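Spelled out from the first residue to the last, the chains are:
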Amino acid sequence: MNKDEMLKQAVVHFECEDYLDVEILCKKILMHDPSNSFANGLLGRLAVKFGEYTKAIDFFKKYIEEVNIEQREDSFLLAIADLYAALGNCSEAEGLYHKALTLSTSPELVEKEYLDKFTTFNTKNNFKNSYIGKKKLFTENHVFPAVLSDNELIWAPSTLDNILFQMSTKCNLRCVYCAQHWAIDHGHDANEITIKSILDFIQETGIKQITLNAYGETLVYKHWTKYAKALLENGVSIFILTNLSMDLTDEEYTLLSKFCDIAVSIDTADRRLFKEIRTHGRLETVLFNINKIRIAALKDGRQPPNIRWACALTDKIIPQLEDLVYLAKINNINTIGMNDLWYLDGRDLPVNSIFSLQGDTFFKSVESFNRAMSVARDANIEMSFFFLDGEKALSRKMTIEKAKLENNVEIDIVEKPFELHTHVLSKNRSVELFGQGIEPLKKGYTRLCLAPWFYPCIYPNGDVYACCIGIQAENPLGQVTSECSVATVMNNSKFVDLRHQLITGNITDPLCKKCILAPIVPVETLKSRVRQKMYENNRDALDLKTKEGLLEFIKALCPEQVFLKEKSSLEELTLFLIDYCAKQVLNGNVIETPEYDYFHPLIRAKILELCEGHPVYIWGMGGRYQESKKRLKGLVVKAFFDNSCDLYGSKTENGIPIMNPIELSTMPNYPIFVCSSAVDEITAEIKLLAPESVIVGFERRNYNGVDY
């Protein structure tokens, strides 16, 4: 393909939004003709589209050198105007916009697209100041106006989801990629005061789960059994992250067998490599301990705890990842979590991230990874990355490496290169991770992080941090002492301020700003999650048979309705909630992405509770009804409806009639529970027969796959 044909192809790809091909073709042209104005101009437009403004300037400068500015077509003038506007140089942007308008064959389209873009902030007289002010707000201050601020959301809930407690920061291993490997201070054990305060708090507030250790090893703390027993006696589910690479007693096996979930650090099926990476560790000991824990549970007539594996995916591990999956299959492990390598404190490590690899070495590593994933799928083993979408990241890296290999082109516009990015954790500590850059916060956006509300992290000395990343901060948000409880710390000024930053988007905390873990979402998404979670944690305490309890429930689900309902009667509140909840279910009102869909089961559970003792109808006698039967026990079912004419006129085992849907139009108006996968079609049918009916669909599944 000659140069002219490549340029034509690039234009076609640009119009079809095949931007990767545009970048490859234009850069191949520039390899042989660096001053080609058309290729430079097209790459400039591409760079503007992907927000790579510095690169755009370079390409446009080369373009300008070859083509007189007056001769440029209107589309290029508009692209450069867009660039200048993005950089805050609004006088240049406006001048180029007007030149484009005079050159354009369709000036009305140019005016419609760009007049709004460059003049909505203000009139032409103060256009420049307005735009520069906006740029400063975005890029310098990171201070945005509060969006729908609710005062109650800045306080901690009365019941937490979980406490992450570092019972000890000591460790028996010296893994080559861990800070413990080179630390001068080898850690501390928890003091009695801290532990007693946490146990008291758990007992008083009814916390149901605790996570032991994210840094350090709980099982090296000599008193861990004493406090694990106390937690279990209080009905607390214990999750632990451990290396299990030590000799344990029968008492310890028995206690661990009563835990809810055990995550075991294990990177490889090769015992020599295991010992090389996890200094002082022995693979045989880990596997032996896993089976002894299971045996202890079975001997007591209990189900063993859920045991999963966690591994750091490095260049030495990836070629043998398939063997690790087979080893997991043999040992009945159903989940393997993978973590990319963190480069702490700027140190060179004997292992490297898979994203640091290039060319053929990277391709072979991806092949090894894909083989392992295939084996895992066949064995029903879930393999997932912590903290990032690993498969998508590998695919993007593959795109970059293929372009380099097949076309000798460095892709850096459509796909950002994978580079080490530094995240400052504290005054004396940083972590570097491979990635494609840190996404900046935009106006009206925040971090989707519930940790400051529901998951505090407590260090052995009682220091309290907002999350597992927050433990690296220079100063804690508070400290648990004999005089200061967990609840007091959670509602001190520092915690309240951090929560306020998150729910308004006015984030100034340096760790939250550039968080490694929490995705960026609209402010209202976080507020909805917090509000619903607060209710969920306290729902058992609400009495839905009282007006006060119902008002609390309304406040949680639909706070905008509270002021309308405070003077309503108990019966009016009940009917309002049944109707509101049903509509939410039918309208598919869930949090923005499916992985956060816990709103449906919450609503369905409360519909059942609200409807208890109320007359209802049930539509559908098939498999979905049989699955949902147990959950419908509290309802006063007046009749069943079904589209199977063979059932009309018969009765259930309880003597309840099964009726023809046509009869619905003449019957009293009661809520109708649709137990069918065809809920949309049945809803339409009901609306024709009984337009005022409240309809509750039971076709969907909640986030654990449990039917409601």
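See the structure above.
All values derive from a computational prediction rather than experimental measurement.

(A) Quick peek at the environment of Tyr253. Mapping Tyr253 onto the fold places it in helix α11 (residues 250–257). Here Tyr253 falls in the buried class, since its relative accessible area comes to 5%. For the pair Tyr253 and Ile290, spaced 37 residues apart in sequence, the C-alpha to C-alpha distance is 9.0 Å. Excluding residues that lie within four positions of it along the chain, Tyr253 makes contacts with Leu248, Phe288, Asn289, Lys292, Ile293 and Ala296.

(B) Structural context of unusual backbone geometry. Positive phi values are uncommon outside glycine, yet Asn332 reaches one of about 55 degrees. Position of Asn332 among the secondary structure elements: in the loop between α14 (321–330) and β8 (335–339). By relative accessible area, which is 56% here, Asn332 ends up exposed. Here Asn380, not a glycine, exhibits a phi torsion of approximately 55 degrees, which is positive. Tracing the sequence through the fold places Asn380 in the loop between α15 (359–378) and β10 (382–385).

(C) A look at the packing of α11 against helix α13 (residues 283–299). Axis separation between α11 and α13 bottoms out at 8 Å; the angle between their running directions is 75 degrees. Classed by the angle they form, the pair α11 and α13 counts as roughly perpendicular. In contact with Asp250, Tyr253, Thr254, Leu256 and Ser257 of α11, α13 contributes Phe288, Asn289, Lys292, Ile293, Ala296 and Ala297. Within the contact of α11 with α13, the residues separate by chemical class into 6 nonpolar, 3 polar and 2 charged.

(D) View of helix α19 (residues 493–504). Here α19 contains 12 residues, and its C-alpha end-to-end distance of 16 Å stays within 8% of the 16 Å for a straight helix at 1.5 Å per residue. Those residues of α19 lying buried are Phe495, Val496, Leu498, Arg499, Gln501, Leu502, Ile503 and Thr504. Its side-chain oxygen placed 3.1 Å from the backbone nitrogen of Lys494, Asn492 serves as the N-cap of α19. Residue Gly505 follows α19 closely and has a positive phi angle near 85 degrees.

(E) Quick look at the packing of aromatic side chains. With the rule as written, the count across this model stands at 12 aromatic pairs. Geometrically, the ring pair formed by Trp224 and Phe259 is edge-to-face, given 6.3 Å between the ring centres and 85 degrees between the ring planes. Of this pair, Trp224 sits in helix α10 (residues 224–233) while Phe259 sits in the loop between α11 and β5 (261–265), and the two are 35 residues apart along the sequence. Exposure class is identical for Trp224 and Phe259. Each is buried. With centroids separated by 5.9 Å and ring planes inclined at 45 degrees, the aromatic side chains of Phe369 and Phe385 adopt a geometry described as tilted. Taken together, the residues Phe369 in helix α15 and Phe385 in strand β10 connect sequence positions 16 residues apart. On the basis of relative accessibility, which here comes to 12%, the residue Phe385 falls in the buried class. Ring pairs connect the aromatic residues Tyr617, Trp619, Phe641 and Tyr670, which therefore count as one cluster.

Parameters and conventions
Residues numbered from 1 in each chain as written. Predicted model: local features only at pLDDT ≥ 70, side-chain atom pairs only at ≥ 80, totals over all residues. Heavy atoms only, no water. Helix = DSSP H or I, 4+ residues; strand = E, 2+ residues; numbered from the N terminus. Buried < 20%, exposed > 50% of the residue type's maximum accessible area, 1.4 Å probe, protein only. Contact = heavy atoms within 4.5 Å. Axes fitted to C-alpha atoms, helices over the stretch in contact; angles between N-to-C directions. Parallel < 35°, antiparallel > 145°, perpendicular 65-115°, else oblique. Nonpolar A, V, L, I, M, F, W, Y, C, P; charged D, E, K, R; others polar. Expected span 1.5 Å × (residues − 1). Polar contact = N/O pair within 3.5 Å; in protein donor to acceptor, adjacent residues only side chain to side chain. Phe/Tyr/Trp six-rings, centres within 6.5 Å; stacked < 30°, edge-to-face > 60°.

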